[in-house]
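Listed here are the chains, written in short residue letters.
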Amino acid sequence: MVGDAGLILTCAGCCCGHPAHGGALSPQRTMKATLRRLYKASGLDGRVRLAFTDCLGPCSEANVILLYLHGRPWWFRRMNAPELVSALLDFARRATTDAEPALPTELSTRSFSWIGGGIGPVPPVDAAATS
């Protein structure tokens, strides 16, 4: 794919990026700066856009990132470490050339389905298990 192959939409709203909810990438300024730095180094510019938004909805799973590629939403929860963001960016880079990329283990455990409504997917991921 060339051009705008997809979008990485990162929650920076009510819960994500806040110390009480968002984990290691908190506060928001740190989360945004880390994501921007890793995105710039990823080589995705011009292929996949990075955007920040207010609330994406599943607040129980902060920090939430939505990756939209090939007409498919990929939701990720508890994206609380730079290594996880790097894994997501690597996956996005592979996905721009491979329509069926394999989701790495560190992301598959954080992937979830979401159609909106409520506070988040049930059951929520145990914070201790994903820290």
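Residues numbered from 1 in each chain as written. Predicted model: local features only at pLDDT ≥ 70, side-chain atom pairs only at ≥ 80, totals over all residues. Heavy atoms only, no water.

Peer 1: Report on the overall build of the protein, specifying residues and quantitative values.
Peer 2: What the protein contains, in helices and strands, is three helices and five strands. Tracing the protein from N to C terminus, the helices and strands come up as β-α-β-β-β-α-α-β. Per-residue burial over the protein gives 46% buried out of 131 residues. Within the protein, contacts between residues separated by at least 24 positions form 63% of all contacts whose residues are at least 6 apart in sequence. (Helix = DSSP H or I, 4+ residues; strand = E, 2+ residues; numbered from the N terminus. Buried < 20%, exposed > 50% of the residue type's maximum accessible area, 1.4 Å probe, protein only. Contact = heavy atoms within 4.5 Å.)

Peer 1: A description of helix α2 (residues 82-95) should follow, citing residues and the corresponding values.
Peer 2: Here α2 is 14 residues long and its end C-alpha atoms lie 20 Å apart, about the 20 Å a rise of 1.5 Å per residue gives. Looking only at α2, the buried set comprises L84, V85, A87, L88, L89, F91, A92 and A95. (Expected span 1.5 Å × (residues − 1).)

Peer 1: Talk me through the nonpolar core; I want residue IDs and the actual numbers.
Peer 2: Ranked by internal contacts, the top residues of the largest apolar core, which has 25 residues, are I8, L67, L88 and L89. If you list the elements that add at least two residues to this core, you get α1 (28-42), β3 (65-69), β4 (72-76) and α2. Among the elements that make up this core, the one with the highest residue count is α2 (eight residues). Among residues more than four places away in sequence, those in contact with L89 are I8, L38, Y39, S42 and L44. L9, A62, V64 and L66 belong to the second largest nonpolar core, which has eleven residues in total. (Core = buried A, V, L, I, M, F, W, Y, C linked by side-chain atoms within 4.5 Å.)

Peer 1: Explain the sheet that holds strand β5 (residues 111-112) residue by residue, including any values.
Peer 2: Strand order in this open sheet of five strands is β2-β1-β3-β4-β5, and the pairing throughout is mixed. Lying at the two open borders of the sheet, with one neighbouring strand each, are β2 (48-53) and β5. Across five bridges, β3 lies against β4 in antiparallel orientation. Paired with Y68 across the bridge in β4 is P73. (Pairing = 2+ DSSP bridges.)

Peer 1: Break down the packing of aromatic side chains for me, with residues and values.
Peer 2: For the structure shown, the criterion picks out three aromatic pairs. Considering the side-chain rings of W74 and F91, the 4.9 Å spacing of their centres and the 70° angle between planes classify their relative orientation as edge-to-face. With W74 in strand β4 and F91 in helix α2, this pair connects stretches of sequence that are 17 residues apart. Judged by relative accessible area, W74 falls into the buried class, the value being 10%. A relative accessible area of 0% places F91 in the buried class. Measuring from centroid to centroid gives 5.9 Å for W75 and F112, while their planes differ by 45°, and the two rings are tilted. Of this pair, W75 sits in strand β4 while F112 sits in strand β5, and the two are 37 residues apart along the sequence. Given a relative accessible area of 10%, W75 falls into the buried group. Among the aromatic residues, ring-to-ring pairing joins W75, F112 and W114 into one connected group. Sitting above the plane of the F52 ring, K32 keeps its charged end 5.5 Å from the centroid. The positively charged end of R72 is found above the aromatic ring belonging to W74, 3.6 Å away from the centroid. (Phe/Tyr/Trp six-rings, centres within 6.5 Å; stacked < 30°, edge-to-face > 60°. Lys NZ or Arg CZ within 6 Å of the ring centre and 35° of its normal.)

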